[in-house]
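Examining the three-dimensional arrangement
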Amino acid sequence: MYWEPDKECLDREELEQLQLERLQSTLNRVYAHVPFYRKKFDSLGISPEEIGALSDIARLPFTTKDDVRANYPYGLFAVPLREVVRIHASSGTTGTVAVVGYTRNDIKMWSNLVARVLTAGGVTKDDVVQICFGYGLFTGGFGLHYGAERVGASVIPASIGNTARQIQIMKDFKTTALVSTPSYAMRIANTIREMGISVSALSLKYGLFGAEPWSEGMRQEIQDALGIVATDNYGLSEVLGPGVSGECRERNGLHIHEDHFLVEVVDPETLRPVPAGQRGELVITTLTKEAFPMIRYRTRDLTRLLPDACPCGRTGKRMSRVVGRTDDMLKIRGVNVFPSQIESLIHEIEGGGPQYQIVIDRKEALDEATVLVEADEVAGYDRERRKGGTADTIRKRLAHELGITVDVKLVGKNTIDRSEGKPRRVIDNRKL
Amino acid sequence: MLRIKNLESGYGRLKVLKKVTMHIGAGEIVTIIGANGAGKTSLLRTVSGLIPARSGEILFDMRDVGKLPPEKIVFLGCSLVPEGRQLFAPMTVKENILLGAYPQYRRKRGDQVRADLERVYGLFPRLRERERQLAGTLSGGEQQMLAIARALMARPKLIMMDEPSMGLAPLIIKDIFSIVKRLRGEGSTVLLVEQNAKAALGIADRGYVLETGRIIMEGTAEDLLSNREVQRAYLGRDLDAEESM
């Protein structure tokens, strides 16, 4: 099932022609309308006219989150503000706010791309979609909302918070598709269990999850607990919001909407392209954005491009689920480790589910990491004895498999802060 | 059908087109809009082989036509309805039309010419009425019809039109554009260059905006029509005045 079959299944050669056309016109526009890019190109002695092939993009400078912040609030807009019909800001999990804008055409394009993601995940106009994302400056809520309306589904803008009430709505309104972060889906699953509601009393069929990294184990857990097909989708405010890529029901990686985004994967240290299929940092150039075009944005998200074609027939390249962020990459006593690796291990041991947080301190020039795991979500008998055992198992396996020495502490349920809708995975107290 | 990559051309030392990349799919009406001097006519003349491409690639039907002379390009199925019609004024309407059939004779398809003549007369009944009249005596709208009819006689797969609405009254423009739409309905592919952006976007599937030899925008006709920059620069709408009313 496709939303825009002629575009999602475009022949590779035609796609690359379209990408080049759109790359060149985007460059001509940013050069003419955004002083930041013009200055940057001029200082490197590059003119948009030199870009004659998609691979030439490597000659252009990167844009970073710091650039976006330095141009706060409107410095990177390519159209006058009166042409902007919507303003969002990035959720700010990692620092100050980045402001992004959309023209009327941008909103239309965005809705269509989210509609592609929803359709690929199973949603049709007959579905009732409950959106448990914040409806504020964060792009998640409105992005998914407009896409679901575009599909023609019945949309419930449930927003975040009050899990018991969310479940009541889910039950009474006969929600068939849940849209949220994966961790919130876990929370819903656990609360359903606690409330003694049977999943068969619900009408859920599909779950579309994004806005944070999650693991295959967590997917299994959510699918089993809620009886749904759970797909992953990806996006970030600086390039669009949700709708950059999404999984189809094959669940084997996220189809990138390459007719609207040109993607590269680079080594975060050397900034050179990684060999095909290797893991690296995702870099995105927008090809159709009017208000807020982005040239070579360093997403800080780590992924890799998957080589073979997907049986679903879509021709866009696929990316693996985001395994972590470059700025999340932790060096604990010299060992590189991603929170997602720690998460996978915890989930393997605990069978998915539990929330966790990694706290790092530096004591006398030595890094000390503590992994906090919410234990009450681990349904079990003889909790106290198990607590000690579990913590020990996690500690041993982290040492054995990831080569890091950490302390593991089990903490009470919901003690890890989720004020943003998603918990902060890493608290780094080191003064480096 | 037509795929252009990084096309550059110009006159003498003047570079008019700067890395133009665009395409037209079979059965589409694509329009190129832009101000006077943006390079619209140069683009069509370069594709037609009337001025040489300095660099870049022109693929017509997957074949590289960048270095071919104009008559070969017409022979392959790509015809131009030039700016200002370029009719042979002292010849009759019918003679002008038949001149367009020259490639058909070269293709040894002379036997089809009679049927083709009937077809264009079907499209433009006015031309049948005036077939013996000298082309120079026709009205502007009739001359434009004649120029299109002449191009159609070569049975082009792609028909390129340069400012067909120029100098015509609004009612006649409507007629001409409805013919363009009808041609697409009959399987032709159309590349339409226009200063009358509103009329062109009204019938086109997609469009490109050309500004000082560069493509600055690409999109569906619908998206371009709702783009405020296009509205202000090419559709002659004074948005601020409209909003303050």
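Residues numbered from 1 in each chain as written. Chains lettered and ligands numbered in written order. Predicted model: local features only at pLDDT ≥ 70, side-chain atom pairs only at ≥ 80, totals over all residues.

Before going further, it helps to examine the overall build of chain A. Helix and strand counts for chain A come out as 11 helices and 21 strands. Relative to the compact-globule value of 22 Å for 432 residues, chain A shows a C-alpha radius of gyration of 22 Å, a close match. Considering only C-alpha atoms, chain A reaches an extent of 70 × 60 × 40 Å along its principal axes. Residue pairs at least 24 apart in sequence account for 66% of intrachain contacts in chain A once pairs closer than 6 positions are excluded. (Helix = DSSP H or I, 4+ residues; strand = E, 2+ residues; numbered from the N terminus. Rg over C-alpha atoms; globule rule 2.2 N^0.38 Å. Contact = placed C-beta atoms within 7 Å.)

Before going further, it helps to examine the interface of chain A and chain B. At the junction of the two partners, chain A supplies 15 residues and chain B supplies 18 residues. Mapped by element, the contributors of at least two residues to the side of chain A that touches chain B are helix 2 (12–33) and helix 5 (104–120) of chain A. Considering each element in turn, the side of chain A that touches chain B owes the most residues, 8 residues, to helix 2 of chain A. Here the residues of the side of chain A that touches chain B sort into 2 nonpolar, 6 polar and 7 charged. (Nonpolar A, V, L, I, M, F, W, Y, C, P; charged D, E, K, R; others polar.)

Next up on the list: the packing of helix 7 (residues 163–172) of chain A against helix 8 (residues 182–195) of chain A. Residues and elements named next belong to chain A. Relative to each other, helix 7 and helix 8 sit at 80 degrees, their axes nearing to 10 Å. One way to sum up the angle between helix 7 and helix 8 is to call them roughly perpendicular. Contacts from Thr 163, Ala 164, Gln 166 and Ile 167 of helix 7 reach helix 8 at Arg 187, Ile 188, Thr 191, Ile 192 and Met 195. (Axes fitted to C-alpha atoms, helices over the stretch in contact; angles between N-to-C directions. Parallel < 35°, antiparallel > 145°, perpendicular 65-115°, else oblique.)

Quick look at unusual backbone geometry now. Cis geometry marks the peptide bond from Tyr 72 of chain A to Pro 73 of chain A; its omega dihedral reads -5 degrees. The residue Pro 73 of chain A is located in the loop between helix 4 (65–70) and strand 1 (84–89) in this model. Not every positive phi belongs to a glycine, and Leu 271 of chain A is a case in point at roughly 65 degrees. Its location among the elements puts Leu 271 of chain A in the loop between strand 10 (261–266) and strand 11 (280–286). Phi at Lys 19 of chain B is positive, roughly 45 degrees, even though this residue is not glycine. Within the secondary structure layout, Lys 19 of chain B lies in strand 2 (residues 14–24).

This part is about the domain arrangement of chain A. For chain A, the assigned domains read domain 1 (1–322) and domain 2 (329–428). The gap between the C-alpha centroids of domain 1 of chain A and domain 2 of chain A is 28 Å. (Domains from an automatic or database assignment.)

Judged by nonpolar contacts, the single largest core of 90 residues is most densely connected at Val 129, Ile 131, Ala 148, Val 179, Ala 185 and Ile 284 of chain A. Examining the composition of this core, we find that 8 residues originate from one element, helix 5 of chain A, more than from any other. With 69 residues, the next largest nonpolar core counts Ile 29, Val 93, Leu 146 and Ala 204 of chain B among its residues. (Core = buried A, V, L, I, M, F, W, Y, C linked by C-beta atoms within 7 Å. Buried ≥ 20, exposed ≤ 12 C-beta atoms within 10 Å, placed from the backbone.)

Residues and elements named next belong to chain A. Of all 7 residues in strand 11, 7 are buried; the element is thus mostly enclosed. In terms of strand pairing, strand 10 meets strand 11 through 6 bridges, oriented antiparallel. Its bridge partner being in strand 11, Val 265 is matched across the sheet by Leu 282. Summarising the sheet, strand 11 and strand 12 (residues 297–303) pair through 4 bridges and their orientation is antiparallel. By the bridge assignment, Val 283 is partnered in strand 12 with Arg 298. (Pairing = 2+ DSSP bridges.)

Right, let's get into the sheet that holds strand 7 (residues 229–236) of chain A. Residues and elements named next belong to chain A. Read across the open sheet, the 9 strands follow the order 4-3-5-6-7-8-9-14-13; overall the sheet is mixed. A strand with exactly one partner marks an edge of an open sheet, and here the two such strands are strand 4 (154–156) and strand 13 (305–306). When strand 7 meets strand 8 (residues 241–247), the two strands line up antiparallel, connected through 4 bridges. Within strand 8, the residue paired with Gly 235 across the bridge is Pro 242. Here helix 9 (residues 216–226) sits on the sheet in contact with strand 6 (206–209) and strand 7, set at roughly 130 degrees to strand 7.

Attention shifts here to helix 9 of chain A. Residues and elements named next belong to chain A. Of the residues making up helix 9, those classed as buried are Met 218, Arg 219, Glu 221, Ile 222 and Leu 226. Axial view of helix 9: buried residues confined to an arc of 165 degrees, hence all on one face. Looking at the buried residues of helix 9, the elements they touch are helix 8, strand 6, strand 7 and helix 10 (339–350). Gly 227 sits one or two residues past helix 9 and shows a positive phi near 65 degrees. (Arc of directions from axis to C-beta.)

So, on to the sheet that holds strand 11 of chain A. Taking strand neighbours across the sheet as the criterion, the 4 strands line up as 10-11-12-15 (chain A) in an open arrangement whose pairing is antiparallel. If you trace the sheet from one side to the other, it starts and ends with strand 10 and strand 15 (324–325) of chain A, each paired once.

Next up on the list: the confidence of the model for chain B. Residues with a pLDDT of 70 or more make up 96% of chain B, whose mean pLDDT is 92. Reported confidence for the predicted complex is 0.90 by ipTM and 0.85 by pTM. (pLDDT = per-residue confidence, 0-100.)

On to the packing of helix 8 of chain A against helix 9 of chain A. Residues and elements named next belong to chain A. Running from N to C, helix 8 and helix 9 point in directions that differ by 35 degrees, and their axes come no closer than 10 Å. For the pair helix 8 and helix 9, the crossing hand works out as left-handed. Residue-level contacts link Pro 182, Ala 185, Met 186 and Ala 189 of helix 8 to Met 218, Glu 221, Ile 222, Ala 225 and Leu 226 of helix 9. In terms of residue class, the contact of helix 8 with helix 9 is made up of 8 nonpolar, no polar and 1 charged. (Left-handed = near helix turned anticlockwise from the far one by under 90°.)

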